[in-house]
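Below, each chain spelled out in residue letters.
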Amino acid sequence: MAMKVKIVYVCQECGFKSLKWLGRCPDCDSWNSMVAEEVVDEKSAKKKLSTDNPKPLLISNITYEEVKRVATGLSEFDRVMGGGIVKGSFVLIGGEPGIGKSTILTQALNSLSNKSFKVLYITAEESLSQVKLRVERLGASSNNFYIFAENSLNVIISEINEIKPDFVVIDSIQTIYLDEVPSAPGSVSQVRECAAKIMEIAKKKMITIFIVGHVTKEGYIAGPRVLEHLVDTVIYFEGDKGQNFRLLRTIKNRFGSTNEVGLFEMSDTGLKDVSNLSEFFLSQRQLEEPGSALFVAMEGTRPIIVEIQSLVSPTNFGVPRRMAMGVDNQRLNLLVAVLEKKLELPLFNNDIYVNVVGGLKLTETASDLAICMAIASSFRNIPLKSKTVFLGEIGLLGEIRNISNIESRVKEASNMNIQTVFLPDKLKKINFQGEVIGVSELQEVMDICFLR
């Protein structure tokens, strides 16, 4: 019986299907994301019955092999991957265009090829000459490094079977297609089916495969969310393209922790590991300037000392502006309200700007105290001591609340020769070579910093 093909409208953001076109997806609320695609009618398709009949096993009877990892030589990349690349894993790397996805993968493949591993770089967006120029710029040269320009997944699979590489990069998943799927490359159906086919190859032949995923304007990997469920590891490249540093963050990792981040510095010869993150962020700090406060952020399991800057100036408009870079804007409004109510600071007629130096994004509430001190310092035009760190969450009543990972934060402050640490009063018994000041209310910190 011939299989019937019907037309359905599929949301390119979440994969929702509808028999008619909709201006707004009812599942993810995306506008103009419904695209017509040809799909095979499941009722008319022959269902394949599994010939295997697996039986439930006792957990004590299940055996497994120890996971073997391969180090690439890029220490920050290996850290994010959980200590190295697992053979036969399926990895998805996402990020904005031009952030450095192709660069880091090219460097990783070159390092692996120099260790006698056979690697294959499949480009579906660039020509061979373009990839060659990037490879030469990065100083990559090896007899085990293969480059292939192709969009058809069937052709790609045949070349993988012929070359038999140990590691494969497909750049990108949105530009390859399967001939059997009657839809355009990059559509939900194509991305889903291609990813499933690639995963099957990686698991059966124990080939580590990296796929590059485009990112939407909202910051998510384009295509259905099932793409992230299929892969073993999901890593994101973050950072401002105007800055030299790039942050590599793990979102999902079946073979390791998701609490690891790696920092790289972009140069003419590629991405370089940055081991001391705190020194990197504080390298250009101006000492004894009003509006600057230090905070120890936790990026995964790594503490990083960052500088929070604030600028408070009288407004020229009827409504003062509140602008935050690297800090949640709603959180900033809340902290300004606490400063006005509990400390009686007249901020209602001032523009307030807050920025985390280096482009890092802070999501934890432990930075509340540092943000408030930076704002107060700028408003009063009195600088804070340069070797002072502020740690603590601020409640609506002006109280200083406890935070997590205090030992790691204080240890990092000690390594960077910080002399004074302000922290919640209940945590002041922690070991620190400098001065530890425990505070319970925001007013106490203000009195100590500006009145003594």
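Residues numbered from 1 in each chain as written. Predicted model: local features only at pLDDT ≥ 70, side-chain atom pairs only at ≥ 80, totals over all residues. Heavy atoms only, no water.

For the rest of this paragraph, the subject is the confidence of the model for the protein. In the predicted model, the protein carries a mean pLDDT of 86, and 92% of its residues have values of at least 70. A low-confidence stretch, residues 44-51 (pLDDT under 50), is modelled with five contacts involving residues beyond four sequence positions or located in other chains. (pLDDT = per-residue confidence, 0-100. Contact = heavy atoms within 4.5 Å.)

Turning our attention to the nonpolar core. It is characteristic of soluble globular proteins that their nonpolar side chains tend to be buried jointly. Core analysis: the largest hydrophobic core is formed by 66 residues, its most contacted members being Ile375 and Leu442. Here the element with the most residues in this core is helix 9 (residues 368-380); it accounts for eight residues. What Ile375 contacts, discounting residues up to four positions off in sequence, is Ser310, Val312, Leu332, Val336, Leu339, Leu347, Ile352 and Val354. Leu153, Val168, Ile176 and Ala195 belong to the second largest nonpolar core, which has 31 residues in total. (Core = buried A, V, L, I, M, F, W, Y, C linked by side-chain atoms within 4.5 Å. Buried < 20%, exposed > 50% of the residue type's maximum accessible area, 1.4 Å probe, protein only. Helix = DSSP H or I, 4+ residues; strand = E, 2+ residues; numbered from the N terminus.)

Attention now goes to the packing of helix 2 (residues 101-113) against helix 3 (residues 128-137). A pair of packed helices is captured by two measures, namely the crossing angle of their axes and the spacing between those axes. Close contact between helix 2 and helix 3 brings their axes to 10 Å; oriented N to C, the two are set at 65 degrees. Taken together, the axis directions place helix 2 and helix 3 in an arrangement best described as roughly perpendicular. Considering how the two elements wind past one another, helix 2 and helix 3 form a crossing that is right-handed. Facing helix 2, whose interface residues are Ser102, Thr103 and Thr106, helix 3 presents Arg134, Val135 and Arg137. (Axes fitted to C-alpha atoms, helices over the stretch in contact; angles between N-to-C directions. Parallel < 35°, antiparallel > 145°, perpendicular 65-115°, else oblique. Left-handed = near helix turned anticlockwise from the far one by under 90°.)

Glancing now at the pairing of strand 11 (residues 233-238). For strand 11, the buried fraction is high: five of the six residues fall into the buried class. For strand 6 (residues 90-94) and strand 11, the ladder comprises four bridges, and the chain directions are parallel. Along strand 11, the bridge assignment pairs Ile93 with Ile235. Note: strand 11 against strand 12 (residues 245-253), six bridges, orientation antiparallel. When the bridges of strand 12 are listed, Ile235 appears paired with Thr250. (Pairing = 2+ DSSP bridges.)

Let us now look at the environment of Ser113. Counting through the fold element by element, Ser113 comes out in helix 2. Spatially, the C-alpha atom of Ser113 lies 9.5 Å from that of Tyr146, the residues being 33 residues apart in sequence. In this view, Ser113 contacts Val119, Ser142, Asn144 and Phe145; residues no more than four positions away in its chain are not counted.

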